[in-house]
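Residue-level structure breakdown
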Amino acid sequence: MNTEEIIKNGQQYVMNTYGRLPMALVRGEGVYVWDADGNKYLDFVAGLAVNSLGHCHPAVVEAIREQAGTLMHVSNIYWIEPQVRLAESLVKNSALDKVFFCNSGAEANEGAIKLARKYARKYLGNDKYEIITMEKSFHGRTLAAITATAQPKYQKDLDPLPGGFKYVPFNDIAALQEAVSLHTCAIMMEPVQGEGGVNVADYEYMQKVKQLCDERGLLLIFDEVQCGLARTGKLFAYEHYGIEPDIMTLAKAIAGGFPMGALLAKDKVADCFQPGDHASTFGGNPLAAAAAYAAVSLLADKEFLASTVEKASYFQAKLNDLKKKYSFVTDVRGKGLILGLGITADGIKIVESCRAKGLLINCVGSNVLRFLPPLIISFEDIDNAVKILDEAMGESR
Ligand SMILES: *Cc1c(COP(=O)(O)O)cnc(C)c1O
């Protein structure tokens, strides 16, 4: 099918939940993707932080090929070696002790909410159930995850929503302290908000959040679905703050492009799930686990992380140059290679112009250009992207 046919059939047969761009991508390799008409693009969207290792990374492809021909799926009523190996790797590379595997970020957060409630019932008493989350957060699309997501536009017409959630502004410790009630059991947040506009939690704020949790016996839940797994230059974003969450969720980049989610917790918290309390048919199945083991091994590599940091500062410096050049740029934000340009110009127009010139970026809201390049990009790829971006921004002056 050519692009026109794909779009026509897509509109007829696929539910209309995405505002899709009029293009169909058919192949990817490294930092590049190709559309159905044969056009090549430098991909600074990277599946929205999924393709951190680029497209079709050979180690991930090989792990999937090998596992697909050996054992693709068995139920979690049996032990699964690739899953156990992956869990060990995640635990040894993090401050958490045990892992539950699922298939998406929303599902991981759903599990985190259930686990926090189980912990609260066991250790804090019957009247502790409330979870405080942050304005501009994004936690996924299941009913509980979208309720945790403090953005009214995503919750419209879905009521009644599950109870027990309360929202506060991000990076506002006074509001958070004020919001904690006798019913609160957990604080849930992204250390770097992705969907909400690439907002980084302040270092000082984070120290106080942790202190508040300790003082009031609250669980700290970090949603690292987007900012985790090397995206910020450290394997996990919490490492920037010198503190540890009680629960952490992962997904997006975890299996190199294959769907998977994970819920990690400290032992005392994890033990609140007993056999029968939580499950997922496909969670941690052999194929996904083999892909993820290959991906996590690469992402956790010290030299890989160091090279990511170098490329991130190079890219950040280039974005700061663009800020100096264009008065409509308000700020450069983000950490590592999850970066944003706050602008007062029309972001969608810039995204479109970049796409016409062979660079894929996206826009959160209409005034933040978001960059989530594969972490394997080269300095030259950054130069090429910035050149295109500069040209596109020049048209908006
Ligand atoms: C993408 C995202 C989710 C949802 O993940 P899905 O796999 O789409 O369910 C949750 N939290 C954050 C921070 C995300 O960026």
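The structure this text deals with has already been given above.
Computed from a predicted structure; not experimentally measured. (Residues numbered from 1 in each chain as written. Predicted model: local features only at pLDDT ≥ 70, side-chain atom pairs only at ≥ 80, totals over all residues. Heavy atoms only, no water.)

**Overview of the pairing of strand β17 (residues 368-371)**
Counted only if it meets this: Burial status follows relative accessibility: with a 1.4 Å probe on protein chains alone, a residue under 20% of its type maximum counts as buried, one over 50% as exposed, and anything between as partly exposed. Strands here are runs of E lasting at least two residues and helices are runs of H or I lasting at least four, both read from the DSSP assignment and numbered beginning at the N terminus. DSSP bridges decide pairing: two strands pair if at least two such bridges lie between them.
The side-chain alternation of β17 yields two buried faces, one formed by V368 and R370 and the other by L369 and F371. Bridge count between strand β14 (residues 338-343) and β17: four bridges; the pairing is antiparallel. Bridging across to β17, L341 finds its partner in L369. Taken together, the three bridges between strand β16 (residues 362-364) and β17 define a ladder with antiparallel strand orientation. Bridge assignment links C363 to a residue of β17, and that residue is L369. Turn length for the β16-β17 hairpin, with the two strands adjacent in sequence and antiparallel, is three residues, and the turn residue G365 shows positive phi of about 65°.

**What to know about the sheet that holds strand β10 (residues 219-223)**
Spelled out, the test is: Structural elements are reduced to axes, namely lines fitted to C-alpha atoms, with helices fitted over the stretch in contact, and the angle between N-to-C directions of any two is expressed from 0 to 180 degrees. A contact between two residues is defined here by any heavy atoms of the two lying within 4.5 Å.
If you trace the seven strands from one edge of the open sheet to the other, you get β4-β12-β11-β10-β7-β5-β6, paired in mixed fashion. Looking at strand neighbours, the two that pair on one side only are β4 (98-102) and β6 (165-168), the edges of this open sheet. For this sheet, the mean angle separating the axes of adjacent strands, direction not counted, is 20°. Taken together, the three bridges between β10 and strand β11 (residues 247-250) define a ladder with parallel strand orientation. When the bridges of β11 are listed, F222 appears paired with M248. In the packing of helix α4 (residues 81-92) onto the sheet, the strands contacted are β4, β11 and β12 (261-265), and the crossing angle to β4 comes to about 125°. Relative to β11, helix α5 (residues 105-124) is tilted by about 165°, and along the sheet it contacts β4, β5 (130-134), β6, β7 (184-189), β10, β11 and β12.

**Notes on the packing of helix α12 (residues 302-325) against helix α14 (residues 379-394)**
The geometry of a pair of packed helices is captured by two quantities: the angle between their axes and the separation between those axes. Note the following rule: Angle categories: roughly parallel below 35 degrees, roughly antiparallel above 145, roughly perpendicular from 65 to 115, and oblique for all the rest. Take the far helix as the reference: if the near one is turned anticlockwise from it by less than a right angle, the crossing is left-handed, and if turned clockwise, right-handed. Note on residue categories: nonpolar means Ala, Val, Leu, Ile, Met, Phe, Trp, Tyr, Cys or Pro, charged means Asp, Glu, Lys or Arg, and polar means any other residue, Gly included.
For the pair α12 and α14, the least separation of the axes is 10 Å and the interaxial angle reads 20°. As summarised for this structure, α12 and α14 are arranged roughly parallel, according to the angle between their axes. Like other packed secondary-structure pairs, α12 and α14 cross with a definite hand, here right-handed. Where α12 abuts α14, its residues E310, K311, Y314, F315, K318, L319, L322 and K325 lie against F379, I382, D383, V386, L389, D390 and M393. Classifying every residue of the contact of α12 with α14 gives nine nonpolar, no polar and six charged.

**Quick look at the packing of aromatic side chains**
Rule in force here: Classification of ring pairs uses Phe, Tyr and Trp, with its six-membered ring standing for Trp, and accepts pairs whose centres are within 6.5 Å; under 30 degrees between planes counts as stacked, over 60 as edge-to-face, and the remaining range as tilted. As a reminder, the over-ring test applies to NZ of lysine and CZ of arginine, requiring each to be within 6 Å of the ring centre and within 35 degrees of the ring normal.
Counted under the stated rule, the structure contains 10 aromatic pairs. On the basis of an interplanar angle of 75° and a centroid distance of 5.5 Å, the ring pair of F138 and Y154 is categorised as edge-to-face. Here the residue F138 occupies a position in the loop between β5 and α6 (143-148), and Y154 occupies one in helix α7 (residues 152-155), the gap between them amounting to 16 residues. By relative accessible area, F138 is classed as buried at 17%. Note on F236 and Y238: the rings are 5.9 Å apart at their centroids and 5° apart in plane angle, and the pair reads as stacked. Here the aromatic cluster, defined as three or more aromatic residues joined through ring pairs, consists of F44, F315 and F371. Positioned above the aromatic ring of Y293, the side-chain terminus of R85 is 5.6 Å from the ring centre.

Fair warning: the whole summary comes from geometry, so function is off the table for now.
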